[in-house]
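Inside the fold
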Amino acid sequence: MKKILTGIQPTGVITFGNYIGAIKQMVKYQDEYESYIFIADLHSITIPQDPKELSKNIRSLIALYIACGIDPDKNVIFLQSENEYHANISWMLECNTYFGELSRMTQFKDKSKKHANFSAGLFTYPVLMASDILAYDVDYVPVGIDQKQHVEIARDIAIRFNKKFGDTFNIPDVLINDDGAKIMDLVDPTKKMSKSGENPKGIIRLLDDISEIRKKIMGATTDSEMCVKYDEVNKPGISNLITIYASVTGKSIPDIENEFLNANYGAFKKAVADVVCSLISKIQDRYNELINSEELDRVLDNGIVKARVIAKAKYLDMKNKMGLKR
Ligand code: AMP
Ligand code: TRP
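Remember, predicted model here, so these are calculated numbers, not experimental data.

The subject of this paragraph is the nonpolar core. Counting residues in hydrophobic clusters, the biggest one holds 59 residues, and the most contacted among them are Phe16, Ile217, Leu241 and Phe268. Built from parts of two domains, this core gets at least three residues from each of domain 1 (3-181 + 294-321) and domain 2 (200-287). Core analysis: the next-biggest nonpolar cluster, separate from the first, contains 38 residues, Met92, Phe123, Tyr136 and Val141 among them.

Neighbouring ligand 1 are Gly17, Asn18, Gly21, Ala22, Gly144, Asn177, Ala181, Lys182, Ile183, Lys192, Met193 and Lys195. Side-chain polar atom of asparagine 18 to an oxygen atom of ligand 1: 2.9 Å apart, as the coordinates give it. Within the backbone of methionine 193, a nitrogen or oxygen atom sits 2.8 Å from a nitrogen atom of ligand 1.

Moving on, we get to the environment of alanine 154. When you line up the elements, alanine 154 lands in helix H8 (residues 148-165). Alanine 154 sits in the buried class, given a relative accessible area of 0%. Alanine 154 has contacts with Ala130, Ile133 and Leu134, leaving out every residue within four places of it along the chain.

What follows is about the pattern of salt bridges. Where side chains of opposite charge bring their charged atoms close, a pairing between them can arise. Taken as a whole and judged by the stated rule, the model has 19 salt bridges. Across the pair arginine 59 and aspartate 297 runs a salt bridge whose closest N-O atoms are separated by 3.1 Å. Here arginine 59, found in helix H3 (residues 51-67), pairs with aspartate 297, found in helix H13 (residues 294-321); they are 238 residues apart in sequence, far enough to count as distant. Since its relative accessible area comes to 32%, aspartate 297 is described here as partly exposed. The salt bridge involving arginine 214 is made with aspartate 274; its shortest N-O contact spans 2.9 Å. Here the residue arginine 214 occupies a position in helix H9 (residues 210-218), and aspartate 274 occupies one in helix H12 (residues 265-291), the gap between them amounting to 60 residues.

So, on to the site of ligand 2. Within the structure, ligand 2 sits among 14 residues, and Gln9, Tyr125, Met129, Asp132 and Gln147 are positioned closest to it. At 2.6 Å from a nitrogen atom of ligand 2 is found a side-chain nitrogen or oxygen belonging to tyrosine 125. Mapped onto the shell around ligand 2, the elements with two or more residues apiece are strand E1 (3-8), helix H7 (120-134) and strand E4 (140-143). Counting residues per element, the shell around ligand 2 draws most heavily on H7, which supplies four residues. Here the residues of the shell around ligand 2 are counted per class, giving eight nonpolar, five polar and one charged.

Calculation criteria
Residues numbered from 1 in each chain as written. Chains lettered and ligands numbered in written order. Predicted model: local features only at pLDDT ≥ 70, side-chain atom pairs only at ≥ 80, totals over all residues. Heavy atoms only, no water. Core = buried A, V, L, I, M, F, W, Y, C linked by side-chain atoms within 4.5 Å. Buried < 20%, exposed > 50% of the residue type's maximum accessible area, 1.4 Å probe, protein only. Domains from an automatic or database assignment. Near = heavy atom within 4 Å. Polar contact = N/O pair within 3.5 Å; in protein donor to acceptor, adjacent residues only side chain to side chain. Helix = DSSP H or I, 4+ residues; strand = E, 2+ residues; numbered from the N terminus. Contact = heavy atoms within 4.5 Å. Salt bridge = Lys/Arg side-chain N within 4 Å of Asp/Glu carboxyl O. Nonpolar A, V, L, I, M, F, W, Y, C, P; charged D, E, K, R; others polar.

Pasting the structure below:
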């Protein structure tokens, strides 16, 4: 069975866009691949974090992923900072990574502009990500398009290390989450629904009050045509609601257009709100069961044991090959 691995930063509450575009894909992959999912808390501290908020977010995110259908029996789920081998491997890889190639990372260029005084960790972040990936000899790394360059540098580092010290790492491929639908902002449907969106009315967060979610959908921007038809250019608002309805119900766009042929926008929005609210309520019920439970700790305790064994073996192999021994 091919292996996949992905990391999620514990910053901000995930949106309905994340759920449709990324988490649902992972839920599908768990039946096709040997899957590793970890919370990339060491990555999140490249930008200053409030310690209390951070640990709250870590627990919340793990509970939310499991509530969304990430099955602990089908995935190794763990917390990055509990596996000390990631940072150890990262140092050995850093010494085989060029300053020049890290300077070319577009995410670093963007983020370093936003912070007057950024950390060295923000610069070396892609190497830590390479160590997350390479430690497990994975075949595929499912990520959003913004992370593609980081997976490519992980490949370059692995190829270089293999050449220099002998075959050590499997060379992974990126798996872009693009067969999931793209969900747009409810207020400005020409923009992607994003955690960092300006207007909270445009964003559905998975932990929002259900009544708030219903209000946001009922208040979504539409047009004056009164016709439920998919047309991204001229009717971006209605098209987005059709996409949302399709991605929750599994119905096709033509079937949805047919279903609402004679409906007004109010009735259509109500139908969209009903299916979205029902889905998110179920996720929230499961989340509430998990968040303070020992079950959550058991999942992480099991995951870290498995993850450490694999990463430790890779660490010792690298150390040995590099001559770090008596
Ligand atoms: P981000 O929140 O931008 O770090 O994205 C995390 C993952 O969620 C990536 O795989 C994105 O492609 C996916 N994602 C984020 N926002 C959306 C959206 N509005 N629609 C679909 N997928 C999304
Ligand atoms: N850098 C990724 C992000 O910001 C998170 C991440 C860290 C990751 N390590 C990883 C993703 C390894 C995939 C594989 O979204």
